[in-house]
Amino acid sequence: MTQTLLPVSWYVDAEAHQRDRQRIFARNWSLFGPVEGLREARSWRADNVNGWPVFVIRGDDGVLRGFHNVCRHRAARLLTGESGTCARIVCPYHAWTYDLTGALRKAPNFGADGELDLSERGLFPIRVECWNELVFVCFDERAPDLTSWLGSLPGLCDEFPQPADLALNGSFSAEGDCNWKAYCENTVEGYHLPLIHKRLTAAVDRSHTQIKAYDEGRLVVFHVTYAGEDSALRGNQGIWFYRFPGFQGVAGARSFKAERIEPLSPTRMKLTNWSWFADLSAEERADSTEWNKQITREDMGVCESVQRNFEAGVYQSGLLSPLQEGHLARLQHLIVEAIDGTDKGP
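Owing to the predicted nature of the structure, the values given are computational and were not obtained by experimental measurement.

## Here's the deal with the nonpolar core
Counting 43 residues, the largest nonpolar core has Ile 24, Trp 180, Tyr 183, Trp 240, Phe 244, Met 269 and Ile 335 as the members making the most contacts within it. Secondary structure elements with two or more residues in this core: helix 1 (14-25), strand 12 (167-176), helix 4 (180-187), strand 14 (219-225), strand 15 (237-243), strand 18 (268-277), helix 8 (282-312) and helix 9 (326-340). The dominant element in this core, judged by the number of residues it contributes, is helix 9, at 8 residues. Setting aside chain neighbours within four positions, we find Ile 24 in contact with Arg 19, Trp 180, Phe 244, Pro 245, Ile 335, Ala 338 and Ile 339. Counting residues in hydrophobic clusters, the runner-up holds 26 residues, among them Ala 143, Trp 149, Leu 153 and Leu 166.

## A short note on the sheet that holds strand 16 (residues 247-252)
If you walk across this open sheet you meet the 7 strands as 12-18-17-16-15-14-13, and the pairing is antiparallel. Of all strands in the sheet, those with a lone pairing partner are strand 12 and strand 13 (210-214), marking the two edges. Each neighbouring strand pair of the sheet contributes to a mean axis angle of 15 degrees, computed without reference to strand direction. By the bridge criterion, 7 bridges tie strand 14 to strand 15 in an arrangement that is antiparallel. Among the inter-strand pairings, Thr 225 is bridged to a residue of strand 15, identified as Gln 237.

So, how was this worked out
- Residues numbered from 1 in each chain as written.
- Predicted model: local features only at pLDDT ≥ 70, side-chain atom pairs only at ≥ 80, totals over all residues.
- Heavy atoms only, no water.
- Core = buried A, V, L, I, M, F, W, Y, C linked by side-chain atoms within 4.5 Å.
- Buried < 20%, exposed > 50% of the residue type's maximum accessible area, 1.4 Å probe, protein only.
- Helix = DSSP H or I, 4+ residues; strand = E, 2+ residues; numbered from the N terminus.
- Contact = heavy atoms within 4.5 Å.
- Pairing = 2+ DSSP bridges.
- Axes fitted to C-alpha atoms, helices over the stretch in contact; angles between N-to-C directions.

As structure tokens, then:
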């Protein structure tokens, strides 16, 4: 039996929220989304990731690049909307113009020729790498490459169909009134499943399901055996995975799911889900999508109740089950190590 490690203030304070963004999320890779829609030259997609407005664009040279969606002149948003194509990036505020590599090419009516050194005012870059038809972004040049960061996950997913073998079904987003840490702590333990996820519990053979940690606890995987009617949809075997701090998903015989978890404020978080399916009917796809949404609602609902009690100020710490919540304890240690700067892992 061990005690919870994180103070309640880390779930409610504005300072803790900004610290999480800078010391945890900025230093790790984050799922941006599917590569679908970004295969052709000049295609782009914009999003907010962990509080940073960013975009990813395919250059005329075929290279996928990422940038903060921020003009170097007066910080205007450069690309509006969610996606599109362009031959150049023109700021809608004062027409500063960038090429698709992020270099500044024009600053109209700024001053005399030569007064502004264009080469010093290119866009703020972010790192972009791909795995498994998924685009990831990172804000820290010192972070390991994506393959190293993913660690054991690609090998674990190899026994299941990949997104390239499946059809992209679409996406949905959900926001909840809880801190991202409370949500992720819920993600890495199966203790709550029988009470919170009744349909999911009925679909799983718990006697043949194991929860394992990999890569010093940065990756937690539920090795699942399905049972009952839902095994026809998901297959007999599958994995649910969570990679610290904000990437999770499901791999199975006939589907793949990828999700981004991100902080919006000290007391609010967002989940974005993308799913892929193979040879499923429209009814089966619709049912699986609604089931994904239901699971998200159930998790957010209980985490929101936890958050309200954090904010009420009575609860300060609790006890963790050595049988059920060891991975949660390790997650809290990872958070402390990241905040303190003692985290040595990829």
